[in-house]
Amino acid sequence: PAVRKDILKSKVMGHRGAALLAPENTLASIKAAAETGVKWVEIDVYLIDKGGLIIFHDDTLERCTNGAGVTRETDPLVASTLDAGAWFAPEFKGESIPTLIEALDCIQALGLGLNLEIKHDTADVENIVPTVLDTLKEYWVDNEKLLISSFNHDALKMVFELDPQRHLGQLYEAIPANWQAQLEQIHAYSLNCDYSLLTQAQAQAVKAEGYKLLCYTANDPETVTEHWEWGMDAVITDNPSVFASFI
Ligand code: G3P
Ligand code: MG
């Protein structure tokens, strides 16, 4: 089994910042996470066609902004003027969709670790990966406070080829039969999966191979009581405050 240095040093990670406390994937959400005392946040990075990396989860704009249409077809200038906060609660009116650079600056200023999830449209891989890596190279300082994750194995393979020292997290919903080969191929740091689809045998196998095991998205500590016993290293949650005793 691979022995890996523990860069996580923490059992709780805020999801999309802290998606239950503030509008997801905004700077307000990252700050809300930091206020809970959590040491790491997960956010989603998305490439739009005309260039520009934004922190956003959905393929369309409606749910989380006052705009409409396909996210990737949005003009970057228009994206920067959308309101990404009012949908969540009136006091967040005026929050914008952050650029990757804005999010990196905010997260580092708060002293947090970052799990940067590369969104997984296969057509994007050759465009999004080099752009993300170039931005990280210029704007992110501490490689030991950075995990790059994706459901898209090809995206992670490309990260590994271009920048092999990065810590990589292979994301799954249910863990597939070929997980071991995939993790080996990218010298993964962690396997990140849906807690509700994980079995005890899978958890133990992942841990036996020396990987960190992260589970999303649990918002009630009681849903993951067994998972800690199975070896889960960290939980990814919309509400880090309910996991305060684990932080
Ligand atoms: O990284 C865990 C989680 O964020 C993966 O799913 O859809 O919330 O980005 P999603
Ligand atoms: Mg995500």
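If you're wondering where the values come from, they're calculated on a predicted model, not measured in any experiment.

**Quick word on unusual backbone geometry**
Okay, step 1: Unusually for a residue other than glycine, arginine 16 sits at a positive phi of about 55°.
Okay, step 2: Mapped onto the elements of the fold, arginine 16 is located in the loop between β1 (12–15) and α1 (27–35).
Okay, step 3: Among the residues examined, arginine 16 registers 26 C-beta atoms within 10 Å and is labelled buried.
Okay, step 4: Positive phi, normally seen in glycine, also occurs at asparagine 25, with a value near 60°.
Okay, step 5: Note on placement: asparagine 25 falls in the loop between β1 and α1.

**As for the UniProt feature "domain: GP-PDE" (unreviewed entry) in the protein chain**
Okay, step 1: Mapped onto the present numbering, the UniProt feature "domain: GP-PDE" (unreviewed entry) falls on residues 10–247.
Okay, step 2: Taken end to end, residues 10–247 comprises 30% helix and 19% strand; its first and last C-alpha atoms sit 6 Å apart.

**Some remarks on the site of ligand 1**
Okay, step 1: As a matter of local geometry, ligand 1 sits amid His15, Glu42, Asp44, His57, Glu117, Ser149, Leu171, Asn192, Tyr216 and Ile236.
Okay, step 2: Across the shell around ligand 1, the residue classes tally to three nonpolar, four polar and three charged.

**Looking at α1**
Residues spaced three or four apart along an α-helix face the same direction, because each turn holds 3.6 residues.
Okay, step 1: Among the nine residues that make up α1, seven are buried, leaving the element largely enclosed by the rest of the structure.
Okay, step 2: For α1, the set of buried residues is Leu27, Ala28, Ser29, Ile30, Ala32, Ala33 and Ala34.
Okay, step 3: Residues of α1 that are buried in the fold lie against β1, β2 (40–47) and α3 (100–109).
Okay, step 4: Directly beyond the C-terminal end of α1, a positive phi value near 95° is found at glycine 37.

**Structural notes on the pairing of strand β8 (residues 212–216)**
Okay, step 1: The element β8 is largely enclosed, with a buried count of five among its five residues.
Okay, step 2: In the sheet, strand β7 (residues 190–194) pairs with β8 via five bridges, with the strands oriented parallel. Across the sheet, residue asparagine 192 finds its bridge partner in β8, namely leucine 214.
Okay, step 3: The parallel pair β7 and β8 is bridged by helix α7 (residues 200–208), and the resulting crossover is right-handed.
Okay, step 4: As paired strands, β8 and strand β9 (residues 234–237) are joined by two bridges and run parallel to one another.

What counts, and at which threshold
Residues numbered from 1 in each chain as written. Chains lettered and ligands numbered in written order. Predicted model: local features only at pLDDT ≥ 70, side-chain atom pairs only at ≥ 80, totals over all residues. Helix = DSSP H or I, 4+ residues; strand = E, 2+ residues; numbered from the N terminus. Buried ≥ 20, exposed ≤ 12 C-beta atoms within 10 Å, placed from the backbone. UniProt positions renumbered as here; feature names shortened; annotations may be inferred. Near = placed C-beta within 6 Å. Nonpolar A, V, L, I, M, F, W, Y, C, P; charged D, E, K, R; others polar. Contact = placed C-beta atoms within 7 Å. Pairing = 2+ DSSP bridges. Right-handed = clockwise from strand over helix to strand, strands pointing away.

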